[in-house]
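Chain residues, written in single-letter form:
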Amino acid sequence: MSEAGATDRMQSVRKQMAEACREVDRPPDGVCLIAVSKTFPTEAIAPVIAAGQRHFGENRVQEAQQKWPGLKAQHTDVTLHLLGPLQSNKAKDAVGLFDVIHSVDRRKIASALAREMAEQGRTLELFVQVNTGEEPQKAGVAPLEVPDFLAFCRQECGLEIAGLMCIPPVDEAPAVHFALLRKLADENGDEGRPLALSMGMSADYDVAVQFGATHIRVGSAIFGPRG
Ligand SMILES: *Cc1c(COP(=O)(O)O)cnc(C)c1O
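Residues numbered from 1 in each chain as written. Predicted model: local features only at pLDDT ≥ 70, side-chain atom pairs only at ≥ 80, totals over all residues. Heavy atoms only, no water.

(A) Representation of the overall build of the protein chain within the structure. A count of helical and extended segments in the protein chain gives nine helices and eight strands. Relative to the compact-globule value of 17 Å for 227 residues, the protein chain shows a C-alpha radius of gyration of 17 Å, a close match. With respect to the principal axes defined by its C-alpha atoms, the protein chain has extents near 45 × 40 × 30 Å. Of all 227 residues assigned to the protein chain, the portion counted as buried reaches 50%. In the protein chain, of all internal contacts separated by at least 6 residues, the share reaching a separation of at least 24 is 59%. Surface accessibility of the protein chain: about 10800 Å² in total, with carbon and sulfur atoms responsible for 49%. Of the side-chain charges in the protein chain, 24 are positive and 30 negative, and the distance between the mean point of each set is 4 Å. (Helix = DSSP H or I, 4+ residues; strand = E, 2+ residues; numbered from the N terminus. Rg over C-alpha atoms; globule rule 2.2 N^0.38 Å. Buried < 20%, exposed > 50% of the residue type's maximum accessible area, 1.4 Å probe, protein only. Contact = heavy atoms within 4.5 Å. Areas by Shrake-Rupley, 256 points an atom, 1.4 Å probe, with all protein chains shown as cover. Lys, Arg positive; Asp, Glu negative; His and termini not counted. Charge placed at Lys NZ, Arg CZ, Asp CG, Glu CD.)

(B) Seen up close, unusual backbone geometry. The backbone of Asp25 shows a phi angle near 60°, a positive value even though the residue is not glycine. In this structure, Asp25 sits in the loop between helix H1 (3-23) and strand E1 (32-36). Classification of Asp25 as exposed rests on a relative accessible area of 74%. Phi is positive for Thr39, close to 75°, though the residue is something other than glycine. Residue position: Thr39 is located in the loop between E1 and helix H2 (42-50).

(C) Highlighting the packing of aromatic side chains. Applying the stated rule across the entire model yields two aromatic pairs. Ring centres of Phe40 and Phe223 lie 5.3 Å apart, and the angle between their planes is 25°; on these two criteria the pair is classed as stacked. Of the two residues, Phe40 sits in the loop between E1 and H2 while Phe223 sits in helix H9 (residues 220-223), which places them 183 residues apart along the sequence. Among the residues examined, Phe223 registers a relative accessible area of 5% and is labelled buried. Here Phe56 and Trp68 contribute two aromatic rings whose centre-to-centre distance is 5.1 Å and whose plane-to-plane angle is 45°, an arrangement assigned as tilted. A residue pair is termed long-range when its members are at least 10 positions apart, and Phe56 in strand E2 (residues 55-58) and Trp68 in helix H3 (residues 61-74) qualify at 12 residues. Judged by its relative accessible area of 0%, Trp68 falls in the buried class. (Phe/Tyr/Trp six-rings, centres within 6.5 Å; stacked < 30°, edge-to-face > 60°.)

(D) Region of the structure containing H3. Its 14 residues give H3 an end-to-end C-alpha distance of 20 Å, which sits within 8% of 20 Å, the value for a rise of 1.5 Å per residue. At Trp68, H3 shows its maximal bend, which comes to roughly 45°, and the proline Pro69 appears one to four places after that position. The set of residues buried in H3 consists of Val61, Glu63, Ala64, Lys67, Trp68, Leu71 and Lys72. Buried positions along H3 lie against H2, E2, strand E3 (79-82) and helix H4 (91-97). (Expected span 1.5 Å × (residues − 1). Bend = angle between axes of the 7 residues up to and from the residue.)

(E) The site of the ligand, seen in detail. In the vicinity of the ligand, the contacting residues are Val36, Lys38, Asn59, Leu83, Ile167, Met201, Ser202, Arg217, Val218, Gly219, Ser220 and Arg226. In the model, an oxygen atom of the ligand is placed 2.7 Å from a nitrogen or oxygen of the Lys38 side chain. In the model, a nitrogen atom of the ligand is placed 2.9 Å from a nitrogen or oxygen of the Arg217 side chain. Protein contact buries 89% of the 390 Å² of open area that the ligand shows by itself. Taken atom by atom, the bulk of the ligand overlaps the largest pocket. (Near = heavy atom within 4 Å. Polar contact = N/O pair within 3.5 Å; in protein donor to acceptor, adjacent residues only side chain to side chain. 1 Å grid on protein atoms, 1.4 Å probe; cavity = no way out; pocket = protein on both sides within 12 Å on 5 of 7 lines; lining within 4 Å. Sits in = over half its atoms within 2 Å of the grid points.)

Purely spatial values, then, with no claim about function.
Written as structure tokens, this is what we have:
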């Protein structure tokens, strides 16, 4: 698809997002649109940045390292989100490049991130991934383990956790999973501060907004199908 296509589609996603907000009386600026640029080259990303988009998501540390240092140097107000699973041996690179990580789901990762952030003097915004469908092949903390895992992150690692993230099973209605993530967020805020909600992708971001998403992660609806 053409580069102008991605810019147009980004605007139309913004419109639909604003429409979904209106339906449930939410201010549209309460939802952060993350344009998921995984698999797309810098030439496809640059026009979307030029059109004003400032939040981008990638799945893999290594791919992001090839694409983003240059783009971030040119556009210092871009926020880069890591959405995919993180190995602890990549924590150093991830902390150096990303601003937000949505996939914190193991104690080893939480400890490694805390250590690296202290080492590098950087504070990233962190989301805990929850495996709301309890799928064996999927990353994320089981719903029942969320309170213990958050306590570990907060008390043992001294981390502030900004929110929760989920990827619903492909073959189920996403609303049930969005509702569950919201309930977990409501129950596990820190000193009255509610947790943010990273949920909703190309196929269901409007539903996610209705269930209170604060961050939606939209790839193919902006950049087109991935090869
Ligand atoms: C790829 C990906 C997305 C975007 O998916 P689309 O269906 O293309 O919008 C969102 N979140 C995560 C974690 C992803 O891996």
